[in-house]
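As a plain string of letters, each chain reads:
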Amino acid sequence: MSSSVEAITVLSSDGDEFKITVSAAKLSKPLNWMLEDVCFSDDCDEVPTIEVNSKTLVKVIEYCEKHAPRANSGASDSDAEELKKWDIEFMKMDVKDILFHILMAANYLHMEGLYDLACQTAADLMKGMTVSQIRKIFHIKNDFSSEEQEQLRRQHPGCSFD
């Protein structure tokens, strides 16, 4: 890639274009590979992210732009603490609306930090919830028959489908 390129255009799965700095794009392994392998000249106009919709890509880019300076330099402990606080605020989002999509995008884009953050957020949300509450929040249908539920209850005392 030409050293003069400071930002690239990333395409969402629904065809919208977004600018992201090269340093932020490097937080994603596939985007980094594309930068190295495909965008080796100024001819690289845009990089597709076929599995990430626009709404999600906006959040992913926001995360990348915030985390890129720390990833590319030895930031101080106070910067790390500030970034943790930012992460907590960043993840305060509607679970059913975007958290699942953030998890999927972080997995698709091989972004370990964002994936871990989203998984921890989901785990924290589920603490102390019943199976029914978790199903409701994540829109998970109970597809066990009553016989299967009873068998699971016998095998795993304390397991509740309520």
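Once a new chain begins, its residue numbering starts again from 1 and follows that chain's sequence as written. Note on the predicted model: pLDDT of at least 70 is required for a residue's local features to be given, and 80 or more for side-chain atom pairs to be given and counted; whole-chain, interface and lining totals, by contrast, use all residues. Hydrogen atoms and water are omitted, and side-chain values are computed over all heavy atoms in the structure.

- By the naming in an unreviewed UniProt entry, the protein goes by SKP1-like protein and is assigned to Acacia crassicarpa.
- UniProt positions are given in the numbering used here, feature names are shortened, and annotations may be inferred rather than shown by experiment. Checking UniProt for the protein, the heading Subunit (unreviewed entry) contains the comment "Part of a SCF (SKP1-cullin-F-box) protein ligase complex."
- Among the UniProt annotations of the protein, the heading Pathway (unreviewed entry) holds the following wording: "Protein modification; protein ubiquitination."

**Considerations on the sheet that holds strand E1 (residues 7-11)**
At step 1: The mixed open sheet is built from 3 strands, whose spatial order is E2-E1-E3. Sheet topology places strand E2 (17-21) and strand E3 (46-48) at the edges, where each strand pairs with a single neighbour. For this sheet the average axis-to-axis angle between neighbouring strands, irrespective of direction, equals 35 degrees.
At step 2: Relative to E3, E1 runs parallel, the two being bridged by 3 bridges. Pairing between two strands is assigned when DSSP locates at least 2 bridges connecting them. Per the convention used, a helix needs a DSSP run of H or I reaching at least four residues, while a strand needs a run of E reaching at least two, with both numbered from the N terminus. All axes are obtained by fitting lines to C-alpha atoms, using only the stretch in contact for helices, and the reported angles, taken between N-to-C directions, cover 0 to 180 degrees.

**Examining the environment of Tyr115**
At step 1: Here Tyr115 shows up in helix H6 (residues 112-126).
At step 2: Linking Tyr115 and Ile102, residues 13 residues apart in sequence, is a C-alpha distance of 7.8 Å.
At step 3: Contacts are assigned to residue pairs with any non-hydrogen atoms lying within 4.5 Å of each other. In contact with Tyr115, other than residues within four places in its own chain, are Leu103, Ala106 and Asn107.

**So, H6**
At step 1: Helix length check: H6 (15 residues) gives 21 Å between terminal C-alpha atoms against 21 Å at 1.5 Å per residue, within 8%.
At step 2: Each residue is placed in one exposure class: buried if its accessible area under a 1.4 Å probe, protein chains only, is under 20% of its type's maximum, exposed if it is over 50%, and partly exposed if it falls in between. Within H6, the full set of buried residues consists of Leu114, Leu117, Ala118, Thr121 and Ala122. What you see down the axis of H6 is that its buried residues fit within an arc of 130 degrees, all on one side.
At step 3: Downstream of H6 by a residue or two, Gly128 has a phi angle that is positive, lying close to 80 degrees. For a helix, the expected span equals 1.5 Å multiplied by the number of residues minus one. Note that the arc is defined by the directions from the helix axis to the C-beta atoms.

**Brief notes about unusual backbone geometry**
Leaving glycine out, the prevailing phi sign among residues is negative, and the prevailing peptide bond configuration is trans.
At step 1: Look at His110: it is not a glycine, yet its phi comes out positive at around 50 degrees.
At step 2: When you line up the elements, His110 lands in the loop between helix H5 (95-108) and H6.
At step 3: In this structure His110 comes out as partly exposed when scored by relative accessible area, which is 41%.

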